[in-house]
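Residues per chain are reported as follows:
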Amino acid sequence: MADIEHFLDRNRAWAAGQVEKDPGGFQALAEGQQPEMLWIGCSDSRVSPNQMMDLSLGEVFVHRNIANQVVTSDPNCMSVVQYAVEVLEVTHIVVCGHYGCGGVIASFDPPGQDTIQLWLDHIRRVSRRYQDELADLEEEARIRRLCEVNVVEQVRNLADTDILQAAWQAGGGPTLHGLIYGLHDGRLRRLCHQTGTGDLILDPPTSPGL
Ligand code: CO
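Here, residues in each chain are numbered from 1, in the same order as that chain's written sequence. For a predicted model such as this one, the threshold for reporting local features is a pLDDT of at least 70, and the threshold for listing and counting side-chain atom pairs is 80 or more; totals across whole chains, interfaces and linings nevertheless cover every residue. Side-chain metrics in this entry use all non-hydrogen atoms of the structure; hydrogen atoms and water are not considered.

Chemist: Would you take a moment to explain the overall build of the chain for this structure?
Modeler: When helices and strands are tallied, the chain shows 9 helices and 6 strands. Atoms counted for the radius of gyration: C-alpha only. Globule rule: 2.2 Å times the number of residues to the power 0.38. Its C-alpha atoms give the chain a radius of gyration of 19 Å, near enough to 17 Å, the size a compact globule of 210 residues would have. Any pair of residues with heavy atoms lying within 4.5 Å of one another is described as a contacting pair. In the chain, 59% of the contacts between residues at least 6 apart in sequence involve partners at least 24 apart. Computed by Shrake-Rupley with a 1.4 Å probe, the accessible areas treat only the displayed protein chains as cover when residues are assessed. Of the roughly 12,000 Å² of accessible surface on the chain, 51% is carried by carbon and sulfur atoms. His is not counted, nor are the chain ends, whereas Lys and Arg count as positive and Asp and Glu as negative. Where a charge sits is defined by one atom per residue type, namely NZ (Lys), CZ (Arg), CG (Asp) or CD (Glu). One finds the centroid of the 16 positive side-chain charges in the chain at a distance of 5 Å from the centroid of its 29 negative side-chain charges. Think of it this way: any DSSP run of H or I at least four residues long counts as a helix, any run of E at least two long counts as a strand, and we number them from the N terminus.

Chemist: What exactly am I supposed to notice about the nonpolar core here?
Modeler: Among soluble globular proteins, nonpolar side chains are generally buried collectively. Throughout this description, the term nonpolar core refers to a set of buried Ala, Val, Leu, Ile, Met, Phe, Trp, Tyr and Cys residues connected via side-chain atoms within 4.5 Å. Partly exposed residues are those whose accessible area sits between 20% and 50% of the maximum for their type, while under 20% is buried and over 50% is exposed, using a 1.4 Å probe and protein chains only. Ranked by internal contacts, the top residues of the largest apolar core, which has 42 residues, are Leu38, Ile40, Val81, Ile93, Leu158, Leu164 and Leu176. For this core, the elements supplying multiple residues, two or more each, are β1 (37-42), α4 (75-87), β3 (92-98), α6 (115-129), α8 (139-159), α9 (162-169), β4 (175-181) and β5 (188-195). The dominant element in this core, judged by the number of residues it contributes, is α8, at 9 residues. Formed by 9 residues, the second largest nonpolar core is a distinct cluster that contains Val47, Met52, Leu179 and Tyr181.

Chemist: Would you mind going over the coordination of the cobalt ion with me for this structure?
Modeler: Tetrahedral metal sites with four donors have an ideal angle of 109.5 degrees; octahedral sites with six donors have ideal angles of 90 or 180 degrees. Each metal site lists N, O and S donors within 2.8 Å (3.2 Å for Na, K and Ca). With water left out of the atoms, a site can look as if it is missing ligands. The cobalt ion binds to the protein through Cys42 (SG), His98 (NE2) and Cys101 (SG); the donor distances cover 2.0 to 2.3 Å. Of note, the donors binding the cobalt ion are all from one chain and are spaced C-x55-H-x2-C. Note on accessibility: histidine 98 and cysteine 101 belong to one class, buried.

Chemist: Looking at this structure, how should I read the sheet that holds β1?
Modeler: Where strands meet in a sheet, backbone hydrogen bonds hold them as pairs that are either parallel or antiparallel. Two strands form a pair only when DSSP identifies at least two bridges running between them. The 6 strands are arranged β2-β1-β3-β4-β5-β6 in an open sheet whose pairing can be described as mixed. Each edge of the open sheet is held by one strand with a lone partner, namely β2 (60-65) and β6 (201-202). Here β4 runs beside β5; their pairing, made up of 7 bridges, is antiparallel. Across the sheet, residue tyrosine 181 finds its bridge partner in β5, namely leucine 188.

Chemist: So what exactly am I meant to see when it comes to the domain arrangement of the chain here?
Modeler: By a widely used convention, the size of an interface equals the accessible area lost when the partners come together. Split into domains, the chain comes out as domain 1 (1-32) and domain 2 (35-202). A separation of 30 Å is found between the C-alpha centroids of domain 1 and domain 2. Where a domain begins and ends is set by an automatic assignment or by a domain database.

Chemist: How do you make sense of the packing of aromatic side chains when you look at a structure like this?
Modeler: What describes a pair of aromatic rings is the distance from one ring centre to the other and the angle between the planes of the rings. Here the aromatic set is Phe, Tyr and Trp, taking the six-membered ring for Trp, and pairing holds for ring centres within 6.5 Å; pairs whose planes are under 30 degrees apart are stacked, those over 60 apart are edge-to-face, and all others are tilted. The full count for this structure, using the stated rule, is 2 aromatic pairs. Considering the side-chain rings of tryptophan 14 and phenylalanine 26, the 5.7 Å spacing of their centres and the 70 degrees angle between planes classify their relative orientation as edge-to-face. One end of the pair, tryptophan 14, is in helix α1 (residues 4-21); the other, phenylalanine 26, is in helix α2 (residues 25-31), and 12 residues separate them in sequence. Overall, tryptophan 14 belongs to the partly exposed group, its relative accessible area being 38%. Here phenylalanine 26 falls in the partly exposed class, since its relative accessible area comes to 32%. With a centroid separation of 5.7 Å and an interplanar angle of 35 degrees, the aromatic rings of phenylalanine 61 and tyrosine 83 are classed as tilted. You can see phenylalanine 61 sitting in strand β2 and its partner tyrosine 83 sitting in helix α4, a full 22 residues away along the chain.

In structure tokens:
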């Protein structure tokens, strides 16, 4: 097991490398941020937005939780969304799921009263909404499909918030995108999008290449 010094050493080496590449970089970042994107993704250690989109510090505002859920009663997620929309005025909000999501897989377990199980109840509600379609699939395909439709439903939840509705009605507001990431190939694919108060648009299906 790595000790904390290992991580602090890595940080020192990284910071020194950054200064070498761009001596004024940290000073510029310290003055403020102007990211164009809010990313709402899964906490999974393999799904890091800066690395996956090859972005630098300052380019993406981030909220992550188990199974990339947008729960309107969650003050953590909602305050991130409000700040991104009203203060940062981001032009894109991404909700990104990923195939093989442990949270989505665990939602097939029987419900329980502990914190994680209660959190997964939100995915169980998505499952029920798509139960006819999911019931016809083999287990692996069912998990993949639930990973996908979970993203679509979280984008719907986001679009329904007062924060987005108010921003769109005022004539601004970001475009929402539902993406899914393949752990197996490093690729992001778009599942749906919504611009303004119109309907959510499903994108043509692309092969997950599994
Ligand atoms: Co996950």
